[in-house]
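Working through the structure, step by step
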Number of protein chains: 2
Amino acid sequence: MIPVRSNIRDLNGYTPGEQFNDPDIIKLNTNENPYPPSPRVFEAVQAALTGDKLRKYPQPLADDFRRVAGQVLKVDPSCILVGNGSDDILTILTRAFVPEGGLMVSPTPSYLLYRTLAGIQGARFECVPYTADWQLDLNQWPRHANLCFVANPNSPSGTLVEPAVIRHLSSLTEPSPLVVDEAYVEFSDAVSLIHRIGEWPNLIVTRTFSKAYSLAGMRLGYAVARPEVIRELVKVKDSYNCDVLSLAAATAAIEDQHYFTQVRAKILATRERMLPALTALGFVVTPSQANFVWCRRSDRAVLPIYEELKRRKILVRYMNYDGYDGLRISVGTDAEIDRLITELRAIL
Amino acid sequence: MIPVRSNIRDLNGYTPGEQFNDPDIIKLNTNENPYPPSPRVFEAVQAALTGDKLRKYPQPLADDFRRVAGQVLKVDPSCILVGNGSDDILTILTRAFVPEGGLMVSPTPSYLLYRTLAGIQGARFECVPYTADWQLDLNQWPRHANLCFVANPNSPSGTLVEPAVIRHLSSLTEPSPLVVDEAYVEFSDAVSLIHRIGEWPNLIVTRTFSKAYSLAGMRLGYAVARPEVIRELVKVKDSYNCDVLSLAAATAAIEDQHYFTQVRAKILATRERMLPALTALGFVVTPSQANFVWCRRSDRAVLPIYEELKRRKILVRYMNYDGYDGLRISVGTDAEIDRLITELRAIL
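Residue positions are counted from 1 within each chain, in the order its sequence is given. Each chain gets a letter, beginning with A, and each ligand a number, beginning with 1, in the order they are written. Whole-chain, interface and lining totals are the exception, using all residues; otherwise, since this is a predicted model, local features are given only for residues with pLDDT of at least 70 and side-chain atom pairs are given and counted only at 80 or more. Remark: hydrogens and water are excluded; side-chain values derive from all non-hydrogen atoms of the structure.

1. What about the overall build of chain A?
Heads up, the condition is: Helix and strand definitions follow DSSP, with helices as H or I runs of at least four residues and strands as E runs of at least two, each counted in order from the N terminus. C-alpha atoms define the radius of gyration in this analysis, and the globule rule sets the expected value at 2.2 Å times the number of residues to the power 0.38. Charged residues are defined here as Lys and Arg on the positive side and Asp and Glu on the negative side; His and the ends of the chain fall outside this count. Throughout, a charge is located at the NZ atom of Lys, the CZ atom of Arg, the CG atom of Asp or the CD atom of Glu.
The helix and strand tally for chain A stands at 12 helices and 12 strands. Relative to its length of 348 residues, chain A is compact, with a C-alpha radius of gyration of 20 Å against a globular reference of 20 Å. With 38 positive and 39 negative side-chain charges, chain A shows a spacing of 1 Å between the two charge centroids.

2. Regarding helix 12 (residues 334-347) of chain A
All names here are of chain A. Stated precisely, the cut-off is as follows: Expected span of a helix: the number of residues minus one, times 1.5 Å. Summary of the burial criterion: residues with accessible area below 20% of their type's maximum are buried, those above 50% are exposed, and those between are partly exposed, where the area comes from a 1.4 Å probe applied to protein chains only. It is the directions from the helix axis to the C-beta atoms whose arc is reported.
With 14 residues, helix 12 should reach 20 Å at 1.5 Å per residue; the first-to-last C-alpha distance of 20 Å fits that figure. For helix 12, the set of buried residues is Glu-336, Ile-337, Leu-340, Ile-341, Glu-343, Leu-344 and Ile-347. The buried residues of helix 12 occupy an angular sector of 165° when the element is viewed end-on, so they sit on one face. Facing away from the buried side of helix 12, by more than 90 degrees, are the exposed residues Ala-335 and Arg-345.

3. Re the sheet that holds strand 7 (residues 203-208) of chain A
Residues and elements named next belong to chain A. As a reminder of what qualifies: Here a strand pair is declared whenever DSSP counts at least two bridges between the two strands. Simply put, an axis is a line fit to the C-alpha atoms, just over the touching stretch for a helix, and the angle between two N-to-C directions goes from 0 to 180 degrees. Note on definitions: a residue-residue contact is assigned when non-hydrogen atoms from the two residues lie within 4.5 Å.
The sheet built from 7 strands is open, its strands ordered 2-8-7-6-5-3-4 with mixed pairing. Two strands in the sheet have a free side with no partner beyond their single neighbour: strand 2 (80-83) and strand 4 (124-129). Between one strand axis and the next, the sheet turns by 20° as a mean value, whatever way the strands run. Summarising the sheet, strand 3 (residues 103-108) and strand 4 pair through 6 bridges and their orientation is parallel. If you follow Leu-103 over to strand 4, its bridge partner there is Arg-124. Against the sheet, helix 7 (residues 163-173) touches strand 5 (147-151) and strand 6 (178-181), its axis set at about 150° to strand 6.

4. Details of the sheet that holds strand 6 (residues 178-181) of chain B
Residues and elements named next belong to chain B. Across the sheet, which stays open at both edges, the 7 strands sit in the order 2-8-7-6-5-3-4 with mixed pairing between neighbours. Of all strands in the sheet, those with a lone pairing partner are strand 2 (80-83) and strand 4 (124-129), marking the two edges. Looking at each pair of strands side by side, their axes are set apart by 20° on average, direction ignored. By the bridge criterion, 4 bridges tie strand 7 (residues 203-208) to strand 8 (residues 221-224) in an arrangement that is antiparallel. Of the residues in strand 8, the one forming a bridge with Arg-207 is Tyr-222. Relative to the sheet, helix 6 (residues 113-121) contacts strand 3 (103-108), strand 4, strand 5 (147-151) and strand 6, its axis offset from that of strand 4 by approximately 160°.

5. Notes on the relation of the copies chain A and chain B
Applied cut-off: All copies are superposed by least squares; the fitting set is the C-alpha atoms of residues with a pLDDT of at least 70 in both.
The transform that puts chain A on chain B rotates by 180° and translates by 0.0 Å along the axis, for an RMSD of 0.0 Å. Look at the turn and shift together and you get a two-fold axis relating the two. Of the C-alpha atoms belonging to chain A, the one lying closest to the rotation axis is found on Glu-100 of chain A, 3.1 Å away. Same-surface contact between copies: 100% of interface residues of chain A are shared with the interface of chain B.

6. Quick notes on the packing of aromatic side chains
Residues and elements named next belong to chain A. The test is simple: Each pair of aromatic rings taken from Phe, Tyr and Trp, with Trp reduced to its six-membered ring, is defined by centres within 6.5 Å and is described as stacked if the planes are under 30 degrees apart, edge-to-face if over 60, and tilted in the remaining cases.
By the definition in use, this model includes 26 aromatic pairs over all chains. Summarising the aromatic geometry, the rings of Phe-209 and Tyr-222 are spaced 5.9 Å apart at their centres and angled 50° between planes, so their arrangement reads as tilted. Within this pair, whereas Phe-209 is found in the loop between strand 7 and strand 8 (221-224), its partner Tyr-222 is found in strand 8, the two being separated by 13 residues in sequence. Overall, the relative accessible area of 1% leaves Phe-209 in the buried class. With 6.3 Å between their ring centres and 35° between their planes, Tyr-306 and Tyr-318 make a pair best called tilted. One end of the pair, Tyr-306, is in helix 11 (residues 303-311); the other, Tyr-318, is in strand 11 (residues 314-321), and 12 residues separate them in sequence.

7. Topic: the nonpolar core
In plain terms, the rule: Definition of nonpolar core: a set of buried residues of the types Ala, Val, Leu, Ile, Met, Phe, Trp, Tyr and Cys, connected through side-chain atoms within 4.5 Å.
In terms of nonpolar packing, the biggest core is built from 183 residues, with Phe-65 and Leu-245 of chain A together with Phe-65 and Leu-245 of chain B touching the most fellow members. The residues contacting Phe-65 of chain B, other than those within four sequence positions of it, are Ile-80, Val-82, Phe-209, Leu-220, Tyr-222, Leu-247, Ala-250 and Thr-251 of chain B. Counting 32 residues, the second-largest nonpolar core is a separate cluster that includes Phe-97, Ala-118, Ile-204 and Val-229 of chain B.

8. Some remarks on the layout of surface pockets
All names here are of chain B. Counted only if it meets this: Grid points spaced at 1 Å and placed over the protein atoms alone form the basis of the search, with a cavity being a set where a 1.4 Å probe fits but cannot get out and a pocket an open set showing protein on both sides within 12 Å along at least five of seven lines. Lining residues have an atom within 4 Å of a point. Grid points are joined across faces, edges and corners, and a volume is the space filled by probe spheres set on the points. Each residue gets one of three labels, nonpolar for Ala, Val, Leu, Ile, Met, Phe, Trp, Tyr, Cys and Pro, charged for Asp, Glu, Lys and Arg, and polar for the others, Gly among them.
Approximately 810 Å³ is the volume attributed to the largest pocket. Along the wall of the largest pocket there are 33 residues; nearest its centre are Tyr-14, Leu-112, Arg-115, Asn-320 and Tyr-321. Among the secondary structure elements, those contributing two or more residues to the lining of the largest pocket are strand 3, helix 6, strand 4 and strand 11 (314-321). Per-element accounting of the lining of the largest pocket gives the leading share, 6 residues, to strand 11. When its residues are assigned to classes, the lining of the largest pocket shows 17 nonpolar, 10 polar and 6 charged. Within this model, the second largest pocket holds a volume of roughly 700 Å³.

9. A look at unusual backbone geometry
The linkage connecting Ser-155 of chain A with the following residue, Pro-156 of chain A, adopts the cis geometry, with an omega of 15°. With an omega of 0°, the peptide bond between Asn-152 of chain B and Pro-153 of chain B qualifies as cis. Tracing the sequence through the fold places Pro-153 of chain B in the loop between strand 5 and helix 7 (163-173). One non-glycine residue with positive phi stands out, namely Asn-31 of chain A, at about 55°.

10. Overview of the interface of chain A and chain B
Heads up, the condition is: Here the quantity called buried area is the accessible surface, traced with a 1.4 Å probe, that two parts lose on coming together, added over both. One side-chain nitrogen of Lys or Arg within 4 Å of one carboxyl oxygen of Asp or Glu is enough to make a salt bridge. Throughout this description, a polar contact denotes any pair of N or O atoms lying within 3.5 Å of each other; where both atoms belong to protein, one of them has to be capable of donating a hydrogen while the other can accept it, and for residues adjacent in sequence the pair is counted only when both atoms sit in side chains.
The interface of chain A with chain B comprises 78 residues on the first partner and 78 residues on the second. Approximately 6,700 Å² of surface area, both sides summed, lies buried where chain A meets chain B, with 58% of it carried by carbon and sulfur atoms. Considering only the surface of chain A that becomes buried against chain B, Arg-55, Tyr-57 and Arg-95 of chain A emerge as the three largest contributors, covering 12% of it. Counting across the interface, chain A meets chain B through 2 salt bridges. Salt-bridge contacts for Glu-232 of chain B lead to Arg-9 of chain A; the nearest nitrogen and oxygen are separated by 3.9 Å. Linking chain A to chain B there are 36 residue pairs in polar contact (both at pLDDT 80 or more). Breaking the side of chain A that touches chain B down by element, the ones donating at least two residues are helix 1 (6-9), helix 2 (39-48), helix 3 (51-55), helix 5 (86-97), helix 6 (113-121), helix 8 (227-236) and helix 9 (244-255) of chain A. By residue class, the composition of the side of chain A that touches chain B is 38 nonpolar, 21 polar and 19 charged.

11. Some details on the pattern of salt bridges
Residue and element names in this part refer to chain A. Here the structure, examined in full by the defined rule, presents 36 salt bridges over all chains. Here Asp-299 ties to Arg-297 by a salt bridge, and the two come within 2.8 Å at their closest N and O atoms. For Asp-299, a relative accessible area of 53% corresponds to the exposed category. Assessed through its relative accessible area of 14%, Arg-297 is described here as buried. Several salt bridges converge on common partners, so that one network encompasses Glu-308, Arg-311, Arg-312, Arg-339 and Glu-343.

12. Things to note about the pairing of strand 11 of chain A
Residue and element names in this part refer to chain A. The buried count for strand 11 comes to 6 of 8 residues, which makes it a mostly enclosed element. Pairing between strand 1 (residues 26-28) and strand 11: 3 bridges, direction parallel. Following the sheet pairing, Leu-28 is matched in strand 11 by Val-316. Looking at chain direction, strand 11 and strand 12 (residues 324-330) are connected through 5 bridges and run antiparallel. Within strand 12, the position partnered with Met-319 by the bridge is Gly-326. Here strand 11 folds back onto strand 12, and the loop between the two strands holds 2 residues, one of which, Asp-322, carries a positive phi near 50°.

Structural data, given as structure tokens:
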């Protein structure tokens, strides 16, 4: 066998959520948006679907996307780095800042990919347990990390940490970068931290089109940071990491804020229904600021519930963090959630 | 400033070929296919352009693509790894096999990205000069490399190394992996080495849809290697590194071998015209097995010729390898090459 690096050999690898082709399945396991993207996305992809666009390389730095996104987000385009999904951005950040044997830190339970990225890089990984009410205990935060990740809102909890706490953490980790992963921020009451990059010099914010903009299939994410940081990250990214149709789709999606606002309102309304309904079924549900809810039980194991739901063609995410386990259930359409509740009533 | 790794800080970064939006420009600088992709590609993208496909994550391992590509290529799907362009595959290979301080090797002059990938990884890079007739001198090949790259056909020369030499090299580097980058193999007389992975255990072959299949804008490449190697590489790749429309496009493109054969024949016919025409204009032209020709001159500098062509809206690639320089000119349509020759006659 070819000698793979030992850190790769020892890695289990990140297990992505199950993706089925079965159209009958109700998919509430990977926090996809239950609604299609804006009609303008389809128009934009149609317009870009020409022989000339497909046969030529895309813009390496996605200038057109950055110009439009910059206007909508009110940040300078030079502060934006595009990625092939925000996972690509997280990979680029790891490679830019973390040497072999370096240290990466994130709270736990959180996005499991952070640990996997450390493993691929041959870096050490330390995690800081959230408090019982999903706050950060900064006294426990390791010093001298090369890179820190905080998902805000967090997954699987759907909880938010206040900007003042993030500010404090950024001071603690300075000058090392603090990455705030805002994959779910559009579903929260919080304001994105993208406008704090001027004040907090080591802040890097990541965003995605996979959740709020219904484009998980198209792979587009981005980072917002100071231009001098972006310039370094550009050296690490693949030259043409985003394709021409994905860029067209994302540009159209972010331009259509009217559609986004409507979709967001529907998802928040459904989420508000889920909390009492799932609580009534005996789940301990964490109030969510994201497009999913974190459900635990003290009276019985949740793994069999996940399995029985799957048998009934409803897929939720069973997550187990060293024995701390629960079901992370994406906010679907009202009809999907009605069906989920009906099936859960039958099971429980 | 945030403390970026010193190897990143010191890196100039890979400079991709210039990409202009100007539709009037004749682009002969990045070896794009001058013809559009197969009509079936457009049909397939149209069919995949649904709200459900865009809002859901794509298949992590691109099962549907691998099944079709496996049939066309006559390799088992488990031997195929998909990438967001073959650059993504080259990155994955580097991260899987090369530790910080490790050694990467390739011939020179060749694809400059190999050196950049070593720089990003914090690895050493050694290159072995091609002989005057573009052959490999295996006596000079460094021992104990973690990863070796050979582009075959090579860029910028467009030349091929015989399978027997690659076989010999794979024995020399064993058990370390030897990557044969076949981005241009479809334009050559050679048979791809993808069927040798059984006999040559450390062989990994990379391929792309950017050149022969006219899909540079869509970012799809792949590696062919033994299944136990692919399993390790999967741990390193981003979970969803290829989007749903790119996968649909690539699947349709590789299925339409009839269209591919027609496009290939046109490009080879134009390439055959370029050699005598450019030679008559005083260039020293290397006979090419790719979709570009490498043109040098002994009588005058070529950089001013590149600049004058650019002023006249024809873009070719000026390449300079430590003083060894030339123009790499992509094979365009007949009309584009006629225009190139006309302008060169006026310039020279």
